[in-house]
Amino acid sequence: MAQFIEELKKSHGAGELRLSHKGEQVVLMGWVDTVRDLGGTLFIDLRDRSGICQVVLGSEQLNDLQLEVARSLRQEYVVAIMGDVIARGGKPNTNLKTGEIEVLAKDVALLNRSQPMPFQIADNVDTGEEVRLKYRFLDLRRAPLQKALLMRSKAALIAREHFASENFIEVETPILTKSTPEGARDYLVPSRINKGKFFALPQSPQLFKQLLQVAGFERYFQICKCFRDEDLRADRQPEFTQIDLEMSFVTPDDIMAVCDGMLQKMFKHILNVDIETPIPRITYDEAMARYGVDNPDVRFGMELFDITEDTRDSAFKVFSGPATGGGLVTGIVVAGGASFSRKDVDALTEFVKTYGAKGLAWLKRNDGAFSGPVSKFVDVALEKALLEKAAMKDGDIALIVADMDASVARTAAGRLRTHVAKSQGMVNPGQFGFTWVTDFPMFEKDEETGKLAAMHHPFTSPRPEDVSMLSTDPLKVKTRAYDIVLNGQEIGGGSIRIHNQDVQAEVFKALGIGDEEARNKFGFLLDALSFGAPPHGGLAFGFDRLVSIMSGLDSIRDVIAFPKTTRAGCLMTDAPSEVDDKQLTELGIKRLD
Ligand code: ASP
């Protein structure tokens, strides 16, 4: 028996067996998911990557020694079973794909024992994430995680096949490199040989993929790791994966079309979902006006209305103030929302306040009349605007945000839109809503420093017609940048790049990056641009997020085999961890204490 594993080969996956295998002798190897002892006959659910199959171990087929092994089996022991596939004795188990059959064991071998589990290996565990991350190798035995990683692997393969079929080549770029400009903090690696100097881990392969265009590769892609030392908001990871691409001699349309093709194949082959292409495109300005955000969820309507012009003469100062003072009066109409209670509306008011709005005005429409505290201010212009522009009907509620700062009003109304849609069940979780958002502004103002910062990154090309505004009116400059948004989440972004040294210098100037700093940081890129750089552009998909949305899982952690916590640590390996003094000395690093 001890020779079992040497003599026999696993013949099938446990989850692959069907009635069509009836009568076949099979060898299964895997984990004991559950054991039931029904008076001498043992039933085990044997689990491996392919699924679960019921195995019957009875005294008619097994000798005493074999029965003794069978009786010693516990959860998560590793076993090999040789037996015949038979039709299941009792009723088929409709919960299992293998539910019509079972395997009648003729031999059994214990391949390894297991300690008792720190938590149940079940589909839905309520064990805290900390324990699960500590024993990630056990957590990964659970079917939803196995499924997610399998999906991830398929998606990566489809991406590779797609880009290969489109004549791209995969090129690896360095991990030990120089700071790259995606706007986050770098992870630094001290150099032992060049003491006092540091490599930075790449925040993305941005500069290298541009250099590959200068080198003439024309179509590059890579599935690569990126590193950003950010304070981790809920769904970020310090290291994450991008599907990264770059192309020469192209327009934004060409790049979007290649990406549409990849998404179409992934969704068809993995989820059997048809995506219509070209995926719709809207400009950044339109997205902000209609949805209040640059990553709109287009699975439902309830678009923002703008009643600024219609409230200029309102007696209600909350509206007329912003309307005449350069602010914005905006909001949403919630169909059927007239049934909202006072408590509901108060909660929504608190919600918009978290986005800086001062409050929320509301009006209900019932039996052809408005009601609510603001109703006494409804004049002809506002009534007309709400009924015609905002298409408000009987039974609806209008939720209105007004602010002197248009962006505050817009953001609050935009967030309110998705919040209400979720709480009112307007979003079908199985639905996928894609949109491209194009023509982003080149710069945004850093509220703290008052300085301009690149909204995408400083290598993004302004629209040709906007280049002249770089020095005169930089905040008005729009770019040839585009984001791809799925279900209200950005799953990728890119741009046509600057391939002209002078324009690049002007952008650095607008960003307050002096010549010397530019040379120090990006000298190699500036040099490359002067050696016949072709016009080029590209994009990167956030692969983890894409797969997490496809698999219906909330967190990107669920689609990463070994993720880190929000404190940027690994509970399983205990990284980051202390190092000994000798290592530090070798690196030329002194402890502070
Ligand atoms: N490097 C960019 C990013 O990581 C993507 C791109 O512009 O291609 O977001």
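Whatever comes next refers back to the structure up there.
Here we summarise the structure given alongside this text. (Residues numbered from 1 in each chain as written. Predicted model: local features only at pLDDT ≥ 70, side-chain atom pairs only at ≥ 80, totals over all residues. Heavy atoms only, no water.)

**Quick word on the overall build of the protein**
Each helix and strand in the protein was counted, giving 17 helices and 22 strands. Structurally, the protein occupies a C-alpha span of about 95 × 75 × 55 Å along its principal axes. Here the protein holds 593 residues, and 48% of them are scored as buried. For the protein, long-range pairs separated by at least 24 residues make up 68% of all intrachain contacts whose partners lie at least 6 apart in sequence. Summed over all atoms, the accessible surface of the protein reaches about 29400 Å², with 50% contributed by carbon and sulfur. (Helix = DSSP H or I, 4+ residues; strand = E, 2+ residues; numbered from the N terminus. Buried < 20%, exposed > 50% of the residue type's maximum accessible area, 1.4 Å probe, protein only. Contact = heavy atoms within 4.5 Å. Areas by Shrake-Rupley, 256 points an atom, 1.4 Å probe, with all protein chains shown as cover.)

**Things to note about the side chain of Gln206**
If you trace the backbone, Gln206 turns up in helix H6 (residues 206-214). Within polar-contact distance, the side chain of Gln206 engages the side chain of His457 at 3.2 Å. Contacts of Gln206, omitting those with residues within four sequence positions, involve Glu182, His457, Phe459 and Arg497. (Polar contact = N/O pair within 3.5 Å; in protein donor to acceptor, adjacent residues only side chain to side chain.)

**Overview of the site of the ligand**
Around the ligand lies a shell of 14 residues, among which Glu182, Gln206, Lys209, Gln242 and Arg497 are the nearest. Within the contact set of the ligand, an oxygen atom lies 2.7 Å away from a side-chain nitrogen or oxygen of Arg497. For the ligand, whose accessible area on its own is 270 Å², the fraction buried by protein is 92%. Of all the elements in the fold, those that place two or more residues in the shell around the ligand are H6, strand S21 (489-496) and strand S22 (536-542). When the residues that make up the shell around the ligand are grouped by side-chain class, the tally is 2 nonpolar, 8 polar and 4 charged. (Near = heavy atom within 4 Å. Nonpolar A, V, L, I, M, F, W, Y, C, P; charged D, E, K, R; others polar.)

**Some remarks on the sheet that holds strand S10 (residues 239-248)**
Overall, mixed pairing links the 8 strands, which are arranged S6-S9-S10-S22-S21-S20-S17-S11 in an open sheet. Across the chains shown, the open sheet's two edge strands, defined by having one partner strand only, are strand S6 (169-170) and strand S11 (281-283). Relative to S22, S21 runs antiparallel, the two sharing 5 bridges. What sits directly across from Gly492, in S22, is Phe541. Running at roughly 30 degrees to S22, helix H7 (residues 252-271) makes contact with S10, S11, strand S17 (434-438), strand S20 (481-486), S21 and S22 of the sheet. Against the sheet, helix H8 (residues 284-291) touches S11 and S17, its axis set at about 85 degrees to S11. (Pairing = 2+ DSSP bridges. Axes fitted to C-alpha atoms, helices over the stretch in contact; angles between N-to-C directions.)

**With respect to the nonpolar core**
Ranked by internal contacts, the top residues of the largest apolar core, which has 40 residues, are Leu245, Leu263 and Met266. Ranked by residue count, the leading element in this core is H7, at 9 residues. In this structure, Phe300, Leu304, Ala357 and Val401 belong to the second largest nonpolar core, which totals 25 residues. (Core = buried A, V, L, I, M, F, W, Y, C linked by side-chain atoms within 4.5 Å.)

**A few points about the packing of H6 against helix H15 (residues 515-529)**
With their axes 10 Å apart at the nearest point, H6 and H15 run at an angle of 20 degrees to one another. Taken as axis vectors, H6 and H15 run roughly parallel relative to one another. H15 is crossed by H6, and the crossing has left-handed handedness. In this structure, H6 contributes Leu207, Gln210, Leu211 and Val214 to the contact, and H15 contributes Phe522, Phe524, Leu525 and Ala528. Among the residues making up the contact of H6 with H15, the classes are represented as 7 nonpolar, 1 polar and no charged. (Parallel < 35°, antiparallel > 145°, perpendicular 65-115°, else oblique. Left-handed = near helix turned anticlockwise from the far one by under 90°.)

**A short note on the pairing of S10**
Burial within S10 is extensive, with 9 of its 10 residues counted as buried. Pairing between strand S9 (residues 219-227) and S10: 9 bridges, direction antiparallel. Directly across from Ile223, in S10, lies its bridge partner Ile243.

**Some details on unusual backbone geometry**
Here Thr277 and Pro278 are connected by a cis peptide whose omega angle stands at -5 degrees. Mapped onto the elements, Pro278 comes out in the loop between H7 and S11. Pro576 follows Ala575 through a cis peptide bond whose omega is 0 degrees. Position of Pro576 relative to the elements: it lies in the loop between helix H16 (543-550) and helix H17 (581-587). Backbone geometry places Glu218, a non-glycine residue, at a positive phi of 70 degrees. Following the sequence through the fold, Glu218 ends up in the loop between H6 and S9. The class of Glu218 is partly exposed, set by a relative accessible area of 42%. Positioned with a positive phi, Ala391 is a non-glycine residue whose angle comes to about 50 degrees.

**Some thoughts on a negative patch on the surface**
A contiguous patch of negative charge on the surface is contributed by Asp405, Glu444, Asp446, Glu447 and Glu448. Note that Glu448 resides in the loop between strand S18 (443-445) and strand S19 (452-454). (Patch = residues over 30% accessible without salt bridge, like charges linked within 9 Å, V, L, I, M, F, W, Y side chains within 5 Å. Salt bridge = Lys/Arg side-chain N within 4 Å of Asp/Glu carboxyl O. Lys, Arg positive; Asp, Glu negative; His and termini not counted. Charge placed at Lys NZ, Arg CZ, Asp CG, Glu CD.)

**Things to note about the pairing of strand S13 (residues 328-334)**
Taken across its 7 residues, S13 has 7 buried, putting it largely inside the fold. The alternating pattern of S13 places Leu328, Thr330, Ile332 and Val334 and Val329, Gly331 and Val333 on opposite faces, both of which are buried. By the bridge criterion, 2 bridges tie strand S12 (residues 305-306) to S13 in an arrangement that is antiparallel. Looking across to S13, one finds that Asp306 is bridged to Thr330. Bridge analysis of S13 against strand S16 (residues 397-403) gives 7 bridges, and the strand direction is antiparallel. By the bridge assignment for S16, Val333 is matched with Ala398.

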